[in-house]
Amino acid sequence: MKLSVVVPCYDEEEVIGHFDEEIRVVLGQLAVEYELCYVDDGSTDGTLHRIRTLAQQHRPTTRYLSFSRNFGKEAAMLAGLKEASGDAVILMDADLQHPPQLIEKMLDLYQLGHDQVIAKRSRDGDKPLRSVCSRLYYRAVNKWVDVELTDGVGDFRLLSRTAVDALVSLPEYNRFSKGLFSWIGFDTVTFDYRNARREGGRTKWCFGALVNYGIDGMISFNSRPLRVAIYTGLSLAALAAAYALWIVGAAVAGGITAPGYVTLVAIIVGLGGLQMVMLGLIGEYIGRIYYETKRRPHFLVKETNGTAPTHTPTARVAGRTRR
């Protein structure tokens, strides 16, 4: 069989050489034909130069793509999946937080007939606040979304050719891979591994990026927040009607009294804030529709040593090809 390993890279100059050495040692001990597919996601350091050098040193087993700019990890994974030609494909990061030593176990489980073999990391080494927030988020989001998202399960997984073909056939522009992996289904198995530390470079996941990623997960696979907006509006209308009846009743029974100024201001500010939240929620969904209707390609490739993949039914990459 042939195994493809897809490695999205963004500013990984410090660690990419070490990663390449370690994974080739592991893959060289396995009875499989393999290829490494590096995807440079518009890095601003020397990542592309290092990848280009690795491709020249290991020409038969190394393919790479370099984007014209930073399009994001979702686009990089999609490009790698389109480029990969193996019977099975492994997605993993270049920072060695996804241990290459687990590949053998993944292949053993794949041989048992599983289309998705997922490595679930522990929370060892994470900051306590981040671990608590993560658990609370997944507990809450799974009550909303139409697919199941598991805490500790990320992009590190093996996919069969059947699963890969299913993923690349999904045309949406706004991609949330965690949800897509769960949505396609197929025979899936999960195993645990101990969280590994990053070997070099710096993490790209700041607090703001994590919050935005969490919002993507919340609204990518359901429309329930919009239904909640309707229920909230109806509830507030009912409360307003009940309050109006209470005011009328109080006026009839005891005469007209001036309502409290603080109460009035609090209600106006509270309802105004709630309306802004609902408008923002509706705007998120409309914005996604806006981007979907543009049908822009997910990424553009400026350089590759292979065949540049097709992005959409009508868009094809234009760029340099190095041999």
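These numbers were taken from a predicted model, which means no experiment stands behind them. (Residues numbered from 1 in each chain as written. Predicted model: local features only at pLDDT ≥ 70, side-chain atom pairs only at ≥ 80, totals over all residues. Heavy atoms only, no water.)

K.L.:
Go over the overall build of the protein chain, please, and point to the residues and values.
P.N.:
When you go through the protein chain residue by residue, the secondary structure sums to 10 helices and 11 strands. When contacts within the protein chain are restricted to residue pairs at least 6 apart in sequence, long-range pairs at least 24 apart make up 79% of them. (Helix = DSSP H or I, 4+ residues; strand = E, 2+ residues; numbered from the N terminus. Contact = heavy atoms within 4.5 Å.)

K.L.:
Let's hear about a nonpolar patch on the surface: which residues, and what values?
P.N.:
Residues Ile-230, Tyr-231 and Leu-234 make up a contiguous nonpolar surface patch of roughly 330 Å² in combined accessible area. Position of Leu-234 among the secondary structure elements: in helix α9 (residues 224-254). We classify Leu-234 as exposed; its relative accessible area is 54%. (Patch = residues over 30% accessible without salt bridge, like charges linked within 9 Å, V, L, I, M, F, W, Y side chains within 5 Å. Areas by Shrake-Rupley, 256 points an atom, 1.4 Å probe, with all protein chains shown as cover. Salt bridge = Lys/Arg side-chain N within 4 Å of Asp/Glu carboxyl O. Buried < 20%, exposed > 50% of the residue type's maximum accessible area, 1.4 Å probe, protein only.)

K.L.:
Any chance you could break down the nonpolar core for me, citing the residues and the numbers?
P.N.:
For soluble globular proteins, the rule of thumb is that nonpolar side chains tend to be buried together. Leu-3, Tyr-38 and Ile-103 are the most contacted members of the largest nonpolar core, which has 38 residues in total. Ignoring anything within four residues of it in the chain, the contact list for Tyr-38 reads Val-7, Cys-9, Ile-16, Phe-19, Asp-20, Ile-51, Leu-54, Thr-62, Arg-63, Tyr-64 and Leu-65. In terms of nonpolar packing, the next biggest core, distinct from the first, is built from 16 residues, Val-6, Ala-163, Val-164 and Leu-167 among them. (Core = buried A, V, L, I, M, F, W, Y, C linked by side-chain atoms within 4.5 Å.)

K.L.:
Which residues make up the confidence of the model for the protein chain, and what values go with them?
P.N.:
Across the protein chain, the average pLDDT comes to 76, with 69% of residues at or above 70. Throughout residues 311-319 the model reports pLDDT below 50, and contacts reaching past four residues in sequence, or to other chains, amount to 21 contacts. (pLDDT = per-residue confidence, 0-100.)

K.L.:
How would you sum up the pattern of salt bridges? Please name residues and give values.
P.N.:
What the rule picks out here adds up to eight salt bridges. The partner of Arg-63 in a salt bridge is Glu-83, and the shortest N-O contact between them spans 3.1 Å. Within this pair, whereas Arg-63 is found in strand β3 (residues 62-67), its partner Glu-83 is found in helix α3 (residues 73-83), the two being separated by 20 residues in sequence.

K.L.:
Explain unusual backbone geometry residue by residue, including any values.
P.N.:
The phi dihedral of Asp-11 is positive, around 55 degrees, even though this residue is not glycine. Summarising the element assignment, Asp-11 is placed in the loop between β1 (2-9) and α1 (16-28). Relative accessible area serves as the criterion here: at 13%, Asp-11 is assigned to the buried category. Unusually for a residue other than glycine, Phe-186 sits at a positive phi of about 70 degrees. Turning to its location among the elements, Phe-186 is positioned in the loop between α7 (177-184) and β7 (188-193).

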